[in-house]
Amino acid sequence: MGPGPSTVPARILQAISAPTLGHLDPQYIGYMDETCEMIRQVYRTKNALTFPVSGTGMAGMETILVNLLEPGDEAIVMINGVFGGRMKDNMERCGASVHAVEIPWGKSFTPDQFAEAVAAHPKAKMLGVVHAETSTGALQDLSGVGDLLHDAGMLFAVDAVTSLGGHDVRVDEWGIDAIYSGTQKCLSCPPGLSPVSFSDRAIETMEARSSKSRSWYLDVSMLKNYYTGGGGRAYHHTAPINMIYALREALAIVLEEGLDARIARHREMHGLLREGLEGLGLSYIPDHSLCTLNCVAVPDGIDEAAIRRRLLDEYDIEIGGGLGVFAGKAWRIGLMGESASKRNVTTLLAALKDCLP
Ligand code: PLP
């Protein structure tokens, strides 16, 4: 019940142990195509260029940025926690001049703040924002942002690492041009892949680049042949075959449950946990809390690490500590995928009641 990885169901662990096929084996290519199609379904997109990047969520972030930004570009990044800060760092490493819009940690951006950022930096090529800020537990409403950016001729880039599979993520409806996630959070798969998706607008931008992407490994102009079959399935790098088996199984589990039912389960478990935590006198830090990551303030005078240690040693329960400015001041409790269960919520609440002074 930490900020990820979440509990991995046995079905996925079995899938990962299947015999390793070659990365151009027709049977494996079939599995990979099925995996890409299921990623489209969980992202609610028809984007042809949708695939799992070989690497964790940070590799997804880098894939988006290193392919869409070039030296000399301007970009806007909305920062309300650790991961918005990492987006800024990565944008700068791509050679872009970055305009950061920062608000206090735990807050979410208002539609006016997006509009002001766009008006202040009309030459920006892209705006990046984190949908689910794992460091603070804040949920960002993304509706309407895509239209605002497209009217200004900008691309919309989103981090959905802690939302995909637990919160609604509507890539086409929200006008998202580039998005990445991770396998180890609400998809309940081991860490190691980052599902990404690019809109046609993003593809046009990549095709119009005047310089090569600064990363060879993450260069989508080469990767797309392998993942979409366009121009033949050429070898680029050896795909992480067994991780694809795992992700395929994880996505099948998500779709068997049903996306809407899964999102409703996360909401229900969050409600139950919140009621219990507040009943114990704990308060939530963010104004708009995620269901998948519950960030509460540690009461004054409590050794937060000692409580986490007792939960682990005596109850086999892992929760997260605070990150960045919340280090030592917050607990982060994940309700992600398989871990978002009534059994987990009631056990944690009982254990916490025992551990709190
Ligand atoms: N973005 C967010 C919002 C995250 O929570 C994380 C990881 O926790 C990442 C990006 C980076 O993902 P990874 O650790 O899988 O590389």
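Residues numbered from 1 in each chain as written. Predicted model: local features only at pLDDT ≥ 70, side-chain atom pairs only at ≥ 80, totals over all residues.

Draft legend 1. Looking closely at the packing of helix H11 (residues 304-315) against helix H12 (residues 342-355). One can describe the packing of H11 onto H12 by two numbers: an axis separation of 10 Å at closest approach and a directional angle of 120°. In this view, H11 runs oblique relative to H12, as classed from their interaxial angle. For the pair H11 and H12, the sense of crossing is right-handed. For the pair H11 and H12, contact is made by Ile-307, Arg-310, Leu-311 and Tyr-315 and by Thr-347, Ala-351 and Cys-355, respectively. Of the residues assigned to the contact of H11 with H12, the class counts are five nonpolar, one polar and one charged. (Axes fitted to C-alpha atoms, helices over the stretch in contact; angles between N-to-C directions. Helix = DSSP H or I, 4+ residues; strand = E, 2+ residues; numbered from the N terminus. Parallel < 35°, antiparallel > 145°, perpendicular 65-115°, else oblique. Left-handed = near helix turned anticlockwise from the far one by under 90°. Contact = placed C-beta atoms within 7 Å. Nonpolar A, V, L, I, M, F, W, Y, C, P; charged D, E, K, R; others polar.)

Draft legend 2. Representation of the pairing of strand E10 (residues 293-297) within the structure. Buried residues dominate E10, accounting for four of its five residues. Pairing between E10 and strand E12 (residues 330-334): five bridges, direction antiparallel. Directly across from Leu-293, in E12, lies its bridge partner Gly-334. (Buried ≥ 20, exposed ≤ 12 C-beta atoms within 10 Å, placed from the backbone. Pairing = 2+ DSSP bridges.)

Draft legend 3. Region of interest: the sheet that holds strand E3 (residues 97-102). Spatial ordering of the open sheet is given by E1-E9-E8-E7-E4-E2-E3, a layout of seven strands whose pairing is mixed. Only two strands of the sheet have a single neighbouring strand rather than two, namely strand E1 (49-54) and E3. With strand direction ignored, the average angle separating the axes of adjacent strands in the sheet is 20°. Inspection of the sheet shows strand E4 (residues 126-130) paired to strand E7 (residues 155-159) by five bridges, in the parallel sense. By the bridge assignment, Val-130 is partnered in E7 with Asp-159. Contacting E1, E4, E7, strand E8 (178-180) and strand E9 (193-198), helix H3 (residues 57-68) crosses the sheet at an angle of about 165° to E8.

Draft legend 4. Fine view of the domain arrangement of the protein. Here the protein is partitioned into domain 1 (10-256) and domain 2 (259-355). Residue-level contacts link 25 residues of domain 1 with 23 residues of domain 2. Residues that form the side of domain 1 that touches domain 2 fall into these classes: nine nonpolar, 13 polar and three charged. (Domains from an automatic or database assignment.)

Draft legend 5. Quick look at helix H9 (residues 241-257). Taking 1.5 Å of rise per residue, the 17 residues of H9 would be expected to cover 24 Å, and the 25 Å separating its terminal C-alpha atoms lies within 8% of that figure. Looking at H9, one finds that the buried residues are Ile-244, Tyr-245, Ala-246, Leu-247, Arg-248, Glu-249, Ala-250, Leu-251, Ile-253 and Val-254. In the core, the buried residues of H9 are packed alongside helix H1 (10-16), helix H2 (26-43), E1, E9 and helix H10 (259-279). Note on H9: the residue one or two positions beyond its end, Gly-258, has a positive phi of about 95°. (Expected span 1.5 Å × (residues − 1).)

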